[in-house]
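# Secondary and tertiary structure notes
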Amino acid sequence: MPVEDPPGGIPQAILRLFAEYAHCIDEDRLEDWPGLFTDPCLYRIATRENEERGLPASLIVCDSRAMLMDRVVSARRANVFEPHRYRHMVSCQRLLDAADGEYRLWSNYLVTRIMRDGTMSLFSTGAYRDAVVLAGGAARFRERVVICDHGMIDNLIALPL
Amino acid sequence: MPVEDPPGGIPQAILRLFAEYAHCIDEDRLEDWPGLFTDPCLYRIATRENEERGLPASLIVCDSRAMLMDRVVSARRANVFEPHRYRHMVSCQRLLDAADGEYRLWSNYLVTRIMRDGTMSLFSTGAYRDAVVLAGGAARFRERVVICDHGMIDNLIALPL
Amino acid sequence: MPVEDPPGGIPQAILRLFAEYAHCIDEDRLEDWPGLFTDPCLYRIATRENEERGLPASLIVCDSRAMLMDRVVSARRANVFEPHRYRHMVSCQRLLDAADGEYRLWSNYLVTRIMRDGTMSLFSTGAYRDAVVLAGGAARFRERVVICDHGMIDNLIALPL
Amino acid sequence: MAEREPLIAWPEGGVTRAPYALFSDPAVHDAEMRRIFRGPVWHYLGLEVELPEPGNYRLIEIGETPVVLLRNGAGALRAFVNRCAHKGTMLLYEPFGRVDELMCVYHNWMYDLDGCLRSIPFARGIGGKGGMPDGFRMEEHGLDRLRVESLGGIVFGTFHPDTPPLAEYIGPRLMANYRRITARRFRVLGYYSQYLASNWKLYFENASDPYHATILHAWATRLKLNRFTMEGAIEMSEQGWHHLSWSRMASDAGGEIYEGAAFRSGQAAFDAFELNDASVIDQWDEFGDGITTAIQTVFPTFVLQQIHNTIATRHLVPRGPAGSELVWTILGYADDGAEETAARLKQGNLIGPAGYISLEDGMVGGLIQRGVLGDRDKASVMVMAGDAVETIENSRASETGVRGFWTAYRGLMGL
Amino acid sequence: MAEREPLIAWPEGGVTRAPYALFSDPAVHDAEMRRIFRGPVWHYLGLEVELPEPGNYRLIEIGETPVVLLRNGAGALRAFVNRCAHKGTMLLYEPFGRVDELMCVYHNWMYDLDGCLRSIPFARGIGGKGGMPDGFRMEEHGLDRLRVESLGGIVFGTFHPDTPPLAEYIGPRLMANYRRITARRFRVLGYYSQYLASNWKLYFENASDPYHATILHAWATRLKLNRFTMEGAIEMSEQGWHHLSWSRMASDAGGEIYEGAAFRSGQAAFDAFELNDASVIDQWDEFGDGITTAIQTVFPTFVLQQIHNTIATRHLVPRGPAGSELVWTILGYADDGAEETAARLKQGNLIGPAGYISLEDGMVGGLIQRGVLGDRDKASVMVMAGDAVETIENSRASETGVRGFWTAYRGLMGL
Amino acid sequence: MAEREPLIAWPEGGVTRAPYALFSDPAVHDAEMRRIFRGPVWHYLGLEVELPEPGNYRLIEIGETPVVLLRNGAGALRAFVNRCAHKGTMLLYEPFGRVDELMCVYHNWMYDLDGCLRSIPFARGIGGKGGMPDGFRMEEHGLDRLRVESLGGIVFGTFHPDTPPLAEYIGPRLMANYRRITARRFRVLGYYSQYLASNWKLYFENASDPYHATILHAWATRLKLNRFTMEGAIEMSEQGWHHLSWSRMASDAGGEIYEGAAFRSGQAAFDAFELNDASVIDQWDEFGDGITTAIQTVFPTFVLQQIHNTIATRHLVPRGPAGSELVWTILGYADDGAEETAARLKQGNLIGPAGYISLEDGMVGGLIQRGVLGDRDKASVMVMAGDAVETIENSRASETGVRGFWTAYRGLMGL
Ligand code: FES
Ligand code: FES
Ligand code: FES
Ligand SMILES: [Fe+3]
Ligand SMILES: [Fe+3]
Ligand SMILES: [Fe+3]
């Protein structure tokens with residue numbers, strides 16, 4: 001059985017971090033997104049099937065803020081793809097443990113993708129496995145692993161999930 | 001950077017208002033829905049593409065409780081459409097600022113539509129841009145702007161989003 | 001009008017129970033799922049159309065922890081189906097009333113289903129009608145009624161919703 | 001007409017073979033909609049108890065055609081294609097309801113409950129201008145009507161003039177079980193449906209195939225609810241189109257052949273498999289004959305079910321060549337006591353899309369649909385108990401029921 | 001060629017009948033894409049005000065073909081198929097924008113704003129190896145160009161050499177209203193679209209059918225916004241392909257025939273139905289002629305709308321045989337004051353997918369699509385005001401507009 | 001048979017033209033499934049390391065056919081159509097696993113790991129009634145078997161009796177790189193796939209087309225990872241069906257022709273574009289030949305990839321005429337040290353659906369699919385380096401690889 005939440009449950013600053021993360025992406029403020037991570041950090045997009053079989057390959061893996069920023073700059077200027085947006089839903093946040101100002105959480109996410117022609121689709125669902133550090137009221141991701149439920153990606157991933 | 005949440009984060013009464021709003025629509029208590037707004041108020045359904053291009057047209061725009069009620073009465077008695085229901089998911093609520101008992105929030109929403117033949121579809125995703133007033137423990141929308149991610153609507157909108 | 005939330009709103013232990021429920025299913029810890037209910041208990045999967053017409057049939061109905069466990073064991077060992085997983089989103093939790101340590105809540109849910117071939121679909125949306133008992137800081141479902149918005153099921157239901 | 005040419009070549013072996021092309025070819029599907037669904041067959045339309053009063057109606061789909069079943073002002077049952085004679089708009093779109101007339105939303109043409117066109121807005125025009133021409137005869141623009149028969153509280157309809165009377169269509173032999181199930185007035189306990197990602201025929205083969213029951217549904221086999229070692233039979237209607245499969249649970253003898261046999265139910269996963277709470281299978285012998293399972297089909301899309309004390313109708317709606325929807329109506333009897341109703345509701349765990357004994361039926365069709373797509377020129381092989389279509393007493397080790405389905409199919413399709 | 005044989009047999013009755021097979025048959029759809037959409041017709045491409053500067057472009061879909069409308073360096077309007085001449089890649093995929101040239105992402109073939117191929121990477125190869133062959137002529141590999149005409153600030157295009165000049169195509173009679181609406185410079189207030197689960201022709205019939213307006217849209221009827229008892233007419237273009245329907249709200253006379261009539265708008269649900277806040281229907285007579293509704297169609301897919309003070313264009317894009325997308329451009333005029341703009345925006349509640357007066361239009365097509373699928377050999381019946389295709393003064397109790405649509409359709413389809 | 005008539009008319013220009021109808025016509029698609037996918041070609045089935053033990057299996061789709069690759073009890077590789085001989089049910093539906101026999105869920109017919117039918121429940125009936133007829137021979141009802149060849153740890157299969165041996169099919173020239181990549185035992189690092197909303201041939205053209213690489217993938221061009229000014233070549237197999245494209249990054253000379261050229265990579269957006277953390281492109285010369293990119297195709301659906309130190313197989317599965325799925329297997333070598341594995345994993349950012357160097361490949365197919373739909377009678381133009389299908393040394397300014405694909409295609413399709 002996982003440990004109990006601290007009184008008051010998941011700190012507000014962490015819920016706020018989750019919302020800020022989603023809006024940086026969904027509202028096209030990608031440049032603000034790397035700042036939500038510590039440096040160094042770990043950001044990975046994995047698939048559940050690989051994780052469960054102990055296979056280490058990722059769709060995306062970044063271990064520094066600079067690498068996160070490279071993803072943003074490349075999406076803005078170098079890579080080319082049909083413009084689209086995501087909309088994030090995050091739910092069932094669960095605090096796994098908290099020690100020395102570091103919180104480990106598990107949550108469910110769902111992301112829809114909207115193309116410029118107005119079509120909308122269920123793009124990804126899965127879990128976030130997070131390590132968040134709280135320092136001076138500010139929360140940052142030391143680690144966010146996105147575990148997609150699906151091994152198949154609809155065409156491409158150009159924006160963070 | 002957006003301002004910090006007040007201690008304790010988003011007031012419970014506002015989260016309760018969000019849930020009540022969804023259930024008035026999803027559970028077919030449309031007649032209770034206008035009461036969740038101040039009078040006068042602003043309720044708009046816009047599209048992100050129009051908003052981002054500075055184009056003012058809306059799918060629905062109401063600036064009084066009476067206009068909200070006209071939408072309800074028309075849906076009940078005058079307009080005709082195949083009966084259906086929505087199911088709302090609201091996530092990533094973010095408090096933008098709070099002053100003089102008025103709170104400005106930004107959240108993500110997802111709405112599925114269910115027809116009477118049992119078919120279910122992803123109907124709309126987008127953001128709620130809200131201004132909520134808290135008076136005597138009761139929260140009401142002074143403004144709710146629904147910003148659809150998609151410029152294309154599946155057939156029609158007869159119920160509030 | 002429903003009663004006000006208690007100060008602080010929905011108890012953390014209940015929100016935690018909701019998350020734990022989702023993760024027991026989504027992360028394939030089905031064996032932990034019956035323990036989230038009291039014994040006796042009521043777990044039902046109904047459809048909104050039947051509920052609204054006063055028709056009592058269910059897709060699944062269990063009134064004891066042993067029956068819940070029979071569902072798990074049968075899914076693991078006796079029934080055969082193409083392997084798949086769910087992902088739950090729960091939103092708009094609303095406390096209807098609270099008395100004598102029993103809380104009645106209403107929430108919206110959305111479940112996606114992911115097959116092993118990587119295809120993902122919107123599988124179910126609806127409402128949870130819950131009675132939760134809080135004893136010694138631990139929360140358990142005395143009753144969880146899953147009211148599907150849709151009378152049509154995509155193929156089969158082998159896992160709890 | 002082109003469509004009279006054989007759509008596909010049927011392989012050697014007659015009804016012991018079903019070519020896989022039948023499960024995905026759009027031209028075959030279109031021909032089925034005409035030759036079978038509009039042919040001399042009876043379709044389930046609903047239940048008398050669903051329409052207690054004049055003006056009550058229910059909607060149903062027959063193949064690709066929307067149909068409304070209703071009671072007219074005199075209380076007589078009527079069925080029409082749910083389509084306005086003006087431009088084809090569906091007249092009703094709530095599944096159940098009550099109406100005094102049928103008014104189309106588009107231009108408000110109005111029909112009475114016998115399907116006769118009664119009024120047309122502005123038929124005389126405006127200020128003497130426009131309106132309907134003199135030659136126009138309302139009586140030529142009524143709704144398309146189906147022939148209706150009600151038997152034991154179940155209502156059927158047909159599009160074809162030559163369909164024999166319903167009891168004769170079902171046939172004397174199978175009417176016995178039909179009467180057995182329909183002897184008491186029904187009570188509707190609820191509805192649900194399953195979308196199946198497979199051709200409609202794959203589900204109807206499954207429903208006509210007792211051979212799979214004690215093997216695929218290992219849950220029931222393991223709990224000794226249904227085994228070939230019980231008394232039972234497959235009975236075929238006289239013309240061979242419909243089947244009944246029944247068994248007596250209490251009569252199990254020699255069930256040990258299931259232990260360690262080369263069946264899934266004999267495998268290790270099942271050692272010590274039993275229920276923690278067996279109340280889900282509590283039942284009583286309500287028909288006084290000890291029969292615990294009776295599955296009856298009426299070609300092409302109807303199933304009448306008794307599994308323990310769960311009574312249900314199942315109605316199959318094709319959704320293109322690669323899909324179908326199975327609509328369940330869960331029943332009890334009007335004179336059930338509270339205890340009987342409670343038991344039926346609990347046994348509801350056994351049936352439907354989440355049913356311990358039925359959830360596999362939705363899955364196998366999909367496995368076949370994807371399994372055969374790449375080899376449309378190959379065929380299934382159904383030779384258990386030979387190639388005959390005949391009743392087989394006290395054994396269900398036969399595919400006669402499925403061969404009966406294909407007998408009807410080939411005859412109507414001209415294949 | 002096979003496609004020249006009639007795809008379907010048209011029933012007796014000419015344009016008073018439309019066989020239901022037309023709404024679901026894929027072969028019919030493919031033929032429409034060629035014979036109608038590539039035929040001698042004009043298609044809406046956009047508005048002058050959408051392209052203020054050289055290099056501005058907008059994308060639009062004509063049938064199944066992606067098209068780009070742009071202003072070249074000299075400010076002249078050009079339209080091309082949005083497809084690279086090398087391997088068919090769409091050149092642009094942002095709906096609106098500004099470009100100096102058209103560069104394909106795949107191999108960066110580059111075209112100027114007149115559609116001429118200007119450069120090819122590595123055309124001379126690398127180290128004298130590879131590259132384009134000597135025989136290759138850039139001038140033979142430009143973009144496919146549409147003929148463009150701009151009239152009253154609205155831009156149309158055609159693929160066919162024989163399409164008559166636009167004003168002649170619309171015809172003198174209907175040019176009057178076209179000029180009335182386009183007399184002032186437009187201002188775009190916004191965009192949205194509707195996906196319709198029905199064949200494109202079902203929507204265009206609807207737009208050409210004033211008969212339904214005062215009946216289906218009971219909201220407006222009840223509020224006396226549009227009734228047959230007002231002055232109004234259906235005017236047809238000289239060749240009968242296009243229609244205009246208009247009415248004068250202020251002129252209502254004899255509206256009592258709507259009270260208690262056998263129309264939905266006369267039914268109980270409407271007793272005492274009125275608006276709590278009527279500001280949504282505040283309007284002013286901006287054209288000085290009292291005309292409060294004017295709906296004009298240009299075959300095959302364009303609608304020019306005035307409903308009160310809501311001005312809009314509607315452009316219809318087929319999405320296979322069973323679907324279509326209706327794209328709305330919501331307009332005001334460049335010289336509108338703040339008050340006029342505010343009123344147009346509030347009246348926006350009347351139109352579009354959530355419009356009090358228009359939301360039913362999206363629904364009926366779907367009801368027909370599903371209603372007629374099972375009977376492709378039956379047909380709709382459109383005999384109101386007989387079988388003629390002609391203007392009918394001071395009455396809208398006629399289906400002449402829809403018969404006009406079918407007149408154009410049959411002619412171009414050779415049916 | 002009708003299908004032997006040409007499905008479409010191929011335009012002048014032979015393999016320098018591909019008619020757009022090929023990318024959306026269902027009849028063409030059905031013919032491809034038979035003439036190509038069941039023709040004399042080799043299909044990727046999996047890797048030896050995926051099946052370490054007897055009884056290990058993996059599933060894969062070959063065109064529309066589900067296939068299982070397994071090791072029998074003796075450790076020999078076997079491949080079968082994943083379909084029961086009784087009624088067509090897929091036998092296995094977990095992607096990977098271990099089995100002692102193949103038991104169908106539907107009626108538990110049981111096959112051994114050589115595909116021979118071993119047991120049928122109730123084959124002797126019940127109480128002497130029913131069961132399989134005397135004439136029934138188990139040996140006639142085994143699984144459909146594919147011919148299998150394993151080469152360098154990669155397993156291929158074919159349906160056709162006349163397919164030449166695998167090494168001969170690939171051809172001596174391209175076997176060199178094949179051996180280069182497969183010299184060491186593989187280790188699987190992971191799997192993922194991409195759904196592509198485009199015809200399968202559009203992806204395989206892309207994989208056979210080095211011409212696009214340094215242009216579409218401007219990220220890599222800008223970072224000087226792959227340019228035509230490096231040493232490199234397009235090598236074709238002897239019969240011209242397969243291609244290899246390789247380059248040596250270190251050898252870049254004259255790259256300045258990319259600066260300010262009329263390519264996207266020369267445009268303003270790229271001024272000062274560089275990586276903040278270049279560790280993502282750290283690589284080592286693991287083959288000792290300085291070759292940094294080597295893309296090899298095996299007609300019709302297999303790609304063997306080296307991009308820097310990312311090793312992968314790609315397998316293409318058609319999903320109807322308008323879609324396909326590309327399945328990636330990400331590889332290292334069994335004897336990799338921790339550092340090498342870490343570097344391969346980090347370089348994983350370069351490939352796959354989110355890969356800096358590959359994400360555009362998924363997009364262009366969709367742009368073509370939608371771009372060409374409206375003009376099925378037009379064709380693409382592939383004349384770079386003329387019309388020959390031949391190896392071109394030290395230049396990749398050629399479309400010979402794509403012409404090679406069409407050479408194989410036309411031959412097998414009889415077009
Ligand atoms: S379509 Fe029914 S009245 Fe016109
Ligand atoms: S497809 Fe446009 S440049 Fe090659
Ligand atoms: S289908 Fe496989 S055993 Fe019957
Ligand atoms: Fe079954
Ligand atoms: Fe209308
Ligand atoms: Fe590429």
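Residues numbered from 1 in each chain as written. Chains lettered and ligands numbered in written order. Predicted model: local features only at pLDDT ≥ 70, side-chain atom pairs only at ≥ 80, totals over all residues. Heavy atoms only, no water.

To continue, consider the overall build of chain A. A tally of regular secondary structure across chain A gives three helices and seven strands. Put simply, chain A runs from its N terminus to its C terminus through helices and strands in the order α-β-α-β-α-β-β-β-β-β. For 161 residues, the compact-globule formula gives about 15 Å, and the C-alpha radius of gyration of chain A, at 16 Å, lands near that figure. In terms of overall dimensions, chain A has a C-alpha envelope of 45 × 35 × 30 Å along the principal axes. Counting over 161 residues, chain A shows a buried share of 67%. For chain A, long-range pairs separated by at least 24 residues make up 59% of all intrachain contacts whose partners lie at least 6 apart in sequence. (Helix = DSSP H or I, 4+ residues; strand = E, 2+ residues; numbered from the N terminus. Rg over C-alpha atoms; globule rule 2.2 N^0.38 Å. Buried < 20%, exposed > 50% of the residue type's maximum accessible area, 1.4 Å probe, protein only. Contact = heavy atoms within 4.5 Å.)

Our focus in this paragraph is the coordination of the iron ion (ligand 5). All names here are of chain E. Binding of the iron ion (ligand 5) to the protein goes through H212 (NE2), H217 (NE2), D361 (OD) and D361 (OD), at separations of 2.1 to 2.3 Å. For the iron ion (ligand 5), the four donor atoms in the first shell make angles of 58 to 144 degrees at the metal, so the coordination geometry reads as irregular. All donors to the iron ion (ligand 5) come from one chain, and their sequence spacing reads H-x4-H-x143-D. With H217 in the loop between α5 (210–216) and α6 (218–222) and D361 in helix α8 (residues 359–372), this pair connects stretches of sequence that are 144 residues apart. Taken as a pair, H217 and D361 share a single burial class, namely buried. (Donors = N, O, S within 2.8 Å, 3.2 Å for Na, K, Ca; no water. Tetrahedral: all angles 85-135°; square planar, octahedral: opposite > 155°, others 65-115°.)

All names here are of chain E. Looking at helix α1 (residues 26–35), one finds that the buried residues are V28, H29, A31, E32, M33 and R35. Summarising the contacts, the buried residues of α1 are in contact with α4 (200–207), β17 (310–318) and α9 (400–413). The opening residue of α1, the one whose side-chain oxygen lies 2.7 Å from the backbone nitrogen of A27, is D25. (Polar contact = N/O pair within 3.5 Å; in protein donor to acceptor, adjacent residues only side chain to side chain.)

Turning next to the packing of α1 of chain E against α9 of chain E. All names here are of chain E. The geometry of α1 relative to α9 is characterised by a closest axis approach of 10 Å and an angle of 90 degrees between their N-to-C directions. Regarding the angle of α1 to α9, the classification is roughly perpendicular. Residues V28, A31, E32 and R35 of α1 form the contact with α9, whose own contacting residues are Y409, L412 and M413. Of the residues assigned to the contact of α1 with α9, the class counts are five nonpolar, no polar and two charged. (Axes fitted to C-alpha atoms, helices over the stretch in contact; angles between N-to-C directions. Parallel < 35°, antiparallel > 145°, perpendicular 65-115°, else oblique. Nonpolar A, V, L, I, M, F, W, Y, C, P; charged D, E, K, R; others polar.)

We now examine the interface of chain D and chain F. Contacts between the two partners involve 42 residues from chain D and, on the opposite side, 36 residues from chain F. Area buried by chain D at its contact with chain F is led by Y211, L367 and V381 of chain D, which between them contribute 15% of it. Scanning the region where chain D abuts chain F turns up six salt bridges. Two residues, R38 of chain F and D375 of chain D, come together in a salt bridge whose shortest N-O distance is 2.9 Å. Applying the counting rule to chain D against chain F returns 19 residue pairs in polar contact (both at pLDDT 80 or more). Listing elements by their share of the side of chain D that touches chain F, those giving two or more residues are α4 (200–207), α5 (210–216), α8 (359–372) and β19 (379–381) of chain D. In terms of residue count, the dominant contributor to the side of chain D that touches chain F is α8 of chain D (seven residues). When grouped by side-chain class, the residues that make up the side of chain D that touches chain F number 23 nonpolar, 10 polar and nine charged. (Buried area = accessible area lost by both parts, 1.4 Å probe. Salt bridge = Lys/Arg side-chain N within 4 Å of Asp/Glu carboxyl O.)

Below, the discussion takes up helix α1 (residues 12–26) of chain C. In an α-helix, one turn spans 3.6 residues, which is why side chains three or four residues apart end up on the same side. Residue and element names in this part refer to chain C. Counted at 1.5 Å a residue, the expected span for α1 with its 15 residues is 21 Å, and the 21 Å between its end C-alpha atoms agrees. With 12 of 15 residues buried, α1 lies mostly within the body of the structure. After α1 finishes, the residue D28 shows a positive phi value of roughly 65 degrees. (Expected span 1.5 Å × (residues − 1).)

Now for the pairing of strand β14 (residues 243–248) of chain F. Residues and elements named next belong to chain F. Burial analysis of β14 places five of its six residues in the buried class, which makes it a mostly covered element. Inspection of the sheet shows strand β13 (residues 231–236) paired to β14 by six bridges, in the antiparallel sense. Following the sheet pairing, I234 is matched in β14 by S245. In textbook terms, the turn of a hairpin is the stretch between consecutive antiparallel strands, and for β13 and β14 this stretch comprises six residues, one of which, G240, has a positive phi near 85 degrees. In the sheet, β14 pairs with strand β15 (residues 293–298) via four bridges, with the strands oriented antiparallel. The residue of β15 that forms the bridge with W246 is A294. (Pairing = 2+ DSSP bridges.)

On to the sheet that holds strand β9 (residues 117–119) of chain D, then. All names here are of chain D. Taken in spatial order, the three strands line up as β7-β8-β9 in an open sheet, and their pairing is antiparallel. The open sheet terminates on both sides in strands that have one partner only, identified here as β7 (102–103) and β9. Pairing analysis gives two bridges linking β7 to strand β8 (residues 110–111), with the strands arranged antiparallel. The residue bridging L102 from the neighbouring strand is Y111, located in β8.

This part covers the environment of I10 of chain C. For I10 of chain C, the location among the structural elements is in the segment before α1. Note on I10 of chain C: relative accessible area 11%, which makes it buried. Sequence separation between I10 of chain C and R48 of chain C is 38 residues; the distance between their C-alpha atoms is 25 Å. Excluding residues that lie within four positions of it along the chain, I10 of chain C makes contacts with Q12 of chain B together with L15, Q93, R94, L95 and L105 of chain C.

Moving on: unusual backbone geometry. The omega torsion of the bond from D39 of chain C to P40 of chain C falls at 0 degrees, within 30 degrees of zero and hence cis. Relative to the helices and strands, P40 of chain C is located in strand β1 (residues 37–47). In this chain, F299 of chain E is followed by P300 of chain E through a cis amide linkage whose omega measures 5 degrees. Tracing the sequence through the fold places P300 of chain E in the loop between β15 (293–298) and β16 (302–307). Phi at H308 of chain E is positive, roughly 55 degrees, even though this residue is not glycine. What makes H308 of chain E buried here is its relative accessible area of 2%.

A word on the coordination of the iron ion (ligand 6). Residues and elements named next belong to chain F. Surrounding the iron ion (ligand 6) are the protein donor atoms H212 (NE2), H217 (NE2), D361 (OD) and D361 (OD), at 2.1 to 2.3 Å. Geometry at the iron ion (ligand 6) is irregular, judged from its four donor atoms and the angles of 57 to 143 degrees they form at the metal. Counting residues between consecutive donors of the iron ion (ligand 6) along the chain gives the motif H-x4-H-x143-D. A residue is classified by how much of its surface remains accessible, and H217, at 4% relative accessible area, is buried. For D361, a relative accessible area of 11% corresponds to the buried category.

Attention now moves to the pattern of salt bridges. Enumeration according to the criterion identifies 134 salt bridges over all chains in this entry. A salt bridge links E27 of chain B to R87 of chain B, with the shortest nitrogen-to-oxygen separation between them at 2.7 Å. Of the two residues, E27 of chain B is situated in the loop between α1 (12–26) and β1 (37–47) and R87 of chain B in strand β3 (residues 84–99); the sequence distance between them amounts to 60 residues. Each member of the pair E27 of chain B and R87 of chain B is classed as buried. Its salt-bridge partner being R83 of chain F, residue D144 of chain F comes within 2.9 Å of it at the nearest N-O pair. Residue D144 of chain F is located in the loop between β9 (117–119) and β10 (145–151), and its partner R83 of chain F is located in the loop between β5 (77–81) and β6 (96–98); the two are separated by 61 residues in the primary sequence.

It is common to give the size of an interface as the accessible area lost on bringing the parts into contact. With four residues of chain E in contact, the opposing surface of chain A contributes five residues. For the chain E and chain A pair, buried surface summed over both sides reaches about 430 Å², with 61% attributable to carbon and sulfur atoms. Per-residue buried area on chain E facing chain A is highest for Y93, E94 and P95 of chain E; these three make up 84% of the total on that side. If you look at where chain E meets chain A, you find one salt bridge. The interface formed by chain E and chain A includes one residue pair in polar contact (both at pLDDT 80 or more). Across the side of chain E that touches chain A, the residue classes break down as three nonpolar, no polar and one charged.

For the rest of this paragraph, the subject is the nonpolar core. One finds Y43, I157 and L161 of chain B together with W219, W406 and Y409 of chain E to be the most contacted residues of the largest nonpolar core, which totals 190 residues. It is α1 of chain B that contributes the most residues to this core, eight residues altogether. With sequence-adjacent residues up to four places away left out, Y43 of chain B is seen in contact with Y21, W33, F37, I60, V61, C62, L68, R144, V146, P160 and L161 of chain B. Listed in part, the 189 residues of the second largest apolar core include L17 of chain C, L166 and I181 of chain D together with L102 of chain F. (Core = buried A, V, L, I, M, F, W, Y, C linked by side-chain atoms within 4.5 Å.)

These figures capture arrangement, not role.
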